[in-house]
Amino acid sequence: MSSKIMSGRYTTTEDQGVTVFVIGMRINKWRAIHKWLPVLLAMPPMIKELSINKEIGCLGVQSYLQLPTTMMIQYWNSKEELFAYARGPKHLKAWRTFNKRTKGNSAVGIYHETYIVPKGSYESIYVNMPPFGLGKALGTEPVTKATGTAKERIDRTAGKQPGS
């Protein structure tokens, strides 16, 4: 809770497409800590790399924990940059290690989902919130009379003129 709360109503500033990548793990057998802890510990070095090297294409990350499941939402410039990172050395090493350690092991599960969100297919509102989610990844601006409703905000990202 260290982020400064932005008073008022805000929306995202950008009107670009975005790739949303959801990834996480589930602890299926708590006592098998030696099986699931290495999976959990593989993620922080990759997230550090993404946060330091913005040229990789990751715009921002939000993490959640609802035991026994973890979830991380990543916002990317494009699916091409996401896929390039997946083929990169740090991720490939973690993936190979995971596969070796978990072969025939049901103590831990992993999942991911990828969404390609074209320009004009999203809108956002943040009221009295710190920078968060898509707004944290793309930046925010105050809501105006022209962006006061969800329809107005999504029409703006789609490039439509008000009232059309």
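In this text, all values refer to a predicted model and were calculated from it rather than measured experimentally.

**Student:** For the sheet that holds strand 7 (residues 140-142), give the residues involved together with the corresponding values.
**Tutor:** Hydrogen bonds along the backbone pair up the strands of a sheet, which may run parallel or antiparallel. With antiparallel pairing, three strands are arranged side by side in an open sheet as 6-1-7. Of all the strands in the sheet, just strand 6 (126-129) and strand 7 have a single pairing partner and so form its edges. Neighbour to neighbour, the strand axes of the sheet diverge by 50° on average, direction disregarded. Inspection of the sheet shows strand 1 (residues 6-12) paired to strand 7 by three bridges, in the antiparallel sense. When the bridges of strand 7 are listed, Tyr10 appears paired with Pro142.

**Student:** I'd like a rundown of the packing of aromatic side chains, residues and numbers included.
**Tutor:** Under the defined criterion, the tally for this structure stands at two aromatic pairs. Geometrically, the ring pair formed by Trp30 and Trp36 is edge-to-face, given 5.8 Å between the ring centres and 80° between the ring planes. Aromatic side chains Trp76 and Tyr85 sit 6.0 Å apart centroid to centroid with 40° between the ring planes, which places their arrangement in the tilted category. Across the pair, Tyr85 and Trp76 agree in class, each one buried.

**Student:** Lay out the environment of Arg153 in plain terms, naming residues and giving numbers.
**Tutor:** The topology assignment puts Arg153 in helix 5 (residues 150-157). When its relative accessible area of 5% is taken as the criterion, Arg153 is described as buried. Considering only alpha carbons, one finds Arg153 and Leu67, 86 residues apart in sequence, at a separation of 35 Å. Not counting residues up to four positions away in its chain, the partners in contact with Arg153 are Arg9, Thr11, Glu123, Ser124, Ile125, Thr147 and Gly148. One polar contact links Arg153 to Glu123, side chain to side chain, over a distance of 2.7 Å.

Calculation criteria
- Residues numbered from 1 in each chain as written.
- Predicted model: local features only at pLDDT ≥ 70, side-chain atom pairs only at ≥ 80, totals over all residues.
- Heavy atoms only, no water.
- Pairing = 2+ DSSP bridges.
- Helix = DSSP H or I, 4+ residues; strand = E, 2+ residues; numbered from the N terminus.
- Axes fitted to C-alpha atoms, helices over the stretch in contact; angles between N-to-C directions.
- Phe/Tyr/Trp six-rings, centres within 6.5 Å; stacked < 30°, edge-to-face > 60°.
- Buried < 20%, exposed > 50% of the residue type's maximum accessible area, 1.4 Å probe, protein only.
- Contact = heavy atoms within 4.5 Å.
- Polar contact = N/O pair within 3.5 Å; in protein donor to acceptor, adjacent residues only side chain to side chain.

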